[in-house]
There are 2 protein chains.
Amino acid sequence: MKSVVPITAVEIKTACSQCNLRELCLPFGLDPREVNQLDELVGSRRKIKRQQHLYRSGDPFEAIYAIRAGSFKTDVILEDGRDQVTGFQMTGEVLGLDGISGEQHSCNAIALEDSEVCVIPFSRLEELSRQVESLQHQFHKIMSREIVRDHGVMMLLGSMRAEERLAAFLLNMSQRFTARGFSPSEFHLRMTRDEIGSYLGLKLETVSRAFSRFQDEGLVAVQQKHIRILDTPGLKRILSHHAA
Amino acid sequence: MKSVVPITAVEIKTACSQCNLRELCLPFGLDPREVNQLDELVGSRRKIKRQQHLYRSGDPFEAIYAIRAGSFKTDVILEDGRDQVTGFQMTGEVLGLDGISGEQHSCNAIALEDSEVCVIPFSRLEELSRQVESLQHQFHKIMSREIVRDHGVMMLLGSMRAEERLAAFLLNMSQRFTARGFSPSEFHLRMTRDEIGSYLGLKLETVSRAFSRFQDEGLVAVQQKHIRILDTPGLKRILSHHAA
DNA sequence: GGAGCCCTTTGATCCACATCAATACGATTT
DNA sequence: AAATCGTATTGATGTGGATCAAAGGGCTCC
């Protein structure tokens, strides 16, 4: 039985059961009672300032994180200094799954803007997901989705040309903003050209030139980080217009 | 002398509890009683001939597969015909995790040689892993390992040059053969130059040339698909020898 | 509100890998 | 043992994106 103990307003507002991201996040598919159980599990929240690390490669793995506000990038860094951005994460998405396998994180997670995450202690998540079938299943889906996403990135990096990569990136961003209730056609990128380039396996100059060419062709209006997509079918055409 | 209980020799030989791959596979970390429970779950086995599909993109997702013998590649194919090999899998490794998220497979799994897999019905795996903590945890580790592996491939595709990619590939293969009790320095590749190239984001000619250059430099002895690694530190040096 | 700095854009040149092409090799079939 | 076919090697040439370089914008932080 749960207590009658007074709960502060802040706690109520930040619980999964009250969170408007729950359709995108771990609670998806749970019934109200189950979401309440999840509420108890999500112990604390953490604010991360822009450019700060949520975790670093090598940090002991204890929790996964659900993004409540803001956005992140993850990257891997080689000894020789080369780095590769492995993903950009938005609200409702889960960070830290890389850490499960080796009991320590294997990449860095860095806030692209001032952000806030829900801390989900992993051993407790495993415990609860042994009891709550729908939670277990949703968690497995989230991990699997990450694998599928990664395969898409491999396809992009392994067999697309620069403009195709950028078109795919923009369409993906658009789709994710849409899922969060924002405009599909107008958004603000939180990452730099250099970070986009790293993610897409291109140099920042190449990214910039591709943006300019898209602009010249009337596909998008680019003003620094502010993007307006003017011709979604046109962007899709770039993706499929490949002479195999 | 065989058991008094009438169990066929085939069944005994193919159960997890008797399988010499169990340290590499799903049973890792389970105690004997728990492995027996897993035995019951792994209902059937399936033989797949060389070049045949274990599953195709779009197939309904019902099970994951543990490789008992042989090897596979997975690939994704775009509408325009371009394809990308997303991985090569060896004995003890698990296939099909991509299917969980969308309830259907999102890539193709094709046998590189005559192979055999254990069929693990997914809903029963979820059920059992709700009861067996160590199984749950091992399964999560396997999924996470796949994510980490994918990040490594992204690094490779996004920021390495051709020879670095091939060196990384060879070292990875060597390490995986070693883990299976084979020679670290001498092995037989089951995939073609074209498949290696697709995986590494290179054309087959580039792969072939890189092999030749490694041979000229005395790093490996290449005879078609038979590889002998002569200078492992040398290969590692190629990987780190990058002027950042 | 101004100084400084980071980020972005654009141009000129270079180079690693792709592409095109021909030959050689090896396994399988007959 | 010859014929066939998929696979691999090697050479010549082309090109997309990297690199080098410079200038222009727009934040951020005093």
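Given the structure is predicted, the values throughout are model-derived calculations rather than measurements. (Residues numbered from 1 in each chain as written. Chains lettered and ligands numbered in written order. Predicted model: local features only at pLDDT ≥ 70, side-chain atom pairs only at ≥ 80, totals over all residues. Heavy atoms only, no water.)

Caption draft 1: Spatial organisation of helix α9 (residues 232-240) of chain A. Residue and element names in this part refer to chain A. For α9, the set of buried residues is Gly 234, Leu 235, Ile 238 and Leu 239. Buried residues of α9, viewed axially, fall in a sector of 150°; they line one side. Among the structural elements, α6 (162-179), α8 (204-216), β10 (220-223) and β11 (226-229) are those in contact with the buried residues of α9. Measuring from the side-chain oxygen of the N-cap residue of α9 to the backbone nitrogen of Gly 234 gives 2.8 Å; that N-cap residue is Asp 231. (Buried < 20%, exposed > 50% of the residue type's maximum accessible area, 1.4 Å probe, protein only. Helix = DSSP H or I, 4+ residues; strand = E, 2+ residues; numbered from the N terminus. Arc of directions from axis to C-beta. Contact = heavy atoms within 4.5 Å. Polar contact = N/O pair within 3.5 Å; in protein donor to acceptor, adjacent residues only side chain to side chain.)

Caption draft 2: Local environment of the packing of α6 of chain A against α8 of chain A. All names here are of chain A. Across the interface, α6 lies against α8 with an axial gap of 10 Å and an inter-helix angle of 75°. One way to sum up the angle between α6 and α8 is to call them roughly perpendicular. Contacts from Ala 162, Glu 163, Leu 166, Ala 167 and Leu 170 in α6 reach Thr 206, Val 207, Ala 210, Phe 211, Arg 213 and Phe 214 in α8. Of the residues belonging to the contact of α6 with α8, the class tally is 8 nonpolar, 1 polar and 2 charged. (Axes fitted to C-alpha atoms, helices over the stretch in contact; angles between N-to-C directions. Parallel < 35°, antiparallel > 145°, perpendicular 65-115°, else oblique. Nonpolar A, V, L, I, M, F, W, Y, C, P; charged D, E, K, R; others polar.)

Caption draft 3: Structural context of the packing of aromatic side chains. Inspection of the entire model under this criterion finds 16 aromatic pairs over all chains. Centroid distance Phe 122 of chain B to Phe 139 of chain B: 6.0 Å. Interplanar angle 55°. Geometry classified as tilted. Taken together, the residues Phe 122 of chain B in helix α4 (residues 122-131) and Phe 139 of chain B in helix α5 (residues 133-159) connect sequence positions 17 residues apart. Residue Phe 122 of chain B shares its accessibility class with Phe 139 of chain B, and that shared class is buried. Through a chain of ring-to-ring contacts, the aromatic side chains of Phe 61, Phe 122 and Phe 139 of chain A assemble into a single cluster. (Phe/Tyr/Trp six-rings, centres within 6.5 Å; stacked < 30°, edge-to-face > 60°.)

Caption draft 4: Inspection of the protein's contact with DNA strand D at higher detail. The full set close to DNA strand D counts 18 residues, and Ala 162 and Thr 206 of chain A together with Arg 193, Arg 209 and Ser 212 of chain B are the nearest of them. Within 4 Å of the protein, the contacting atoms of DNA strand D are 68% sugar and phosphate, with bases supplying the remainder. Arg 209 of chain A has a polar side-chain atom sitting 2.9 Å from a base oxygen of DNA strand D. For DNA strand D, a phosphate oxygen lies 2.8 Å from a polar atom in the side chain of Arg 193 of chain B. Mapped onto the surface near DNA strand D, the elements with two or more residues apiece are α8 of chain A together with α8 (204-216) of chain B. (Near = heavy atom within 4 Å.)

Caption draft 5: Fine view of the protein's contact with DNA strand C. Around DNA strand C lies a shell of 18 residues, among which Arg 193, Ser 208 and Ser 212 of chain A together with Ala 162 and Thr 206 of chain B are the nearest. Each atom of DNA strand C within 4 Å of the protein was classed as base or backbone; sugar and phosphate made up 67%. Here a phosphate oxygen of DNA strand C and a side-chain polar atom of Ser 208 of chain A are 2.8 Å apart. Between a base nitrogen of DNA strand C and a side-chain N or O atom of Glu 205 of chain B, the distance comes to 3.2 Å. For the surface near DNA strand C, the elements supplying multiple residues, two or more each, are α8 of chain A together with α8 of chain B. The dominant element in the surface near DNA strand C, judged by the number of residues it contributes, is α8 of chain A, at 5 residues.

Caption draft 6: Representation of the interface of chain A and chain B within the structure. With 47 residues of chain A at the contact, the number on the chain B side is 47 residues. At the boundary of chain A with chain B, total buried surface from both sides reaches about 4400 Å², with 60% on carbon and sulfur atoms. Area buried by chain A at its contact with chain B is led by Arg 82, Arg 130 and Met 154 of chain A, which between them contribute 17% of it. Inspection of the region where chain A meets chain B yields 6 salt bridges. (Buried area = accessible area lost by both parts, 1.4 Å probe. Salt bridge = Lys/Arg side-chain N within 4 Å of Asp/Glu carboxyl O.)

Caption draft 7: Quick peek at the confidence of the model for chain A. Of all residues in chain A, 93% have pLDDT values of 70 or greater, and the mean over the chain is 92. Low pLDDT, under 50, characterises residues 7-12 of chain A; the stretch is placed with 2 contacts to residues that sit more than four places away or in other chains. (pLDDT = per-residue confidence, 0-100.)

Caption draft 8: Expanded view of the sheet that holds β11 of chain A. All names here are of chain A. If you walk across this open sheet you meet the 3 strands as β9-β11-β10, and the pairing is antiparallel. The sheet is open, and its two edges are formed by β9 (186-188) and β10, each paired on a single side. Put simply, the sheet's adjacent strands are angled 15° from each other on average, direction ignored. (Pairing = 2+ DSSP bridges.)

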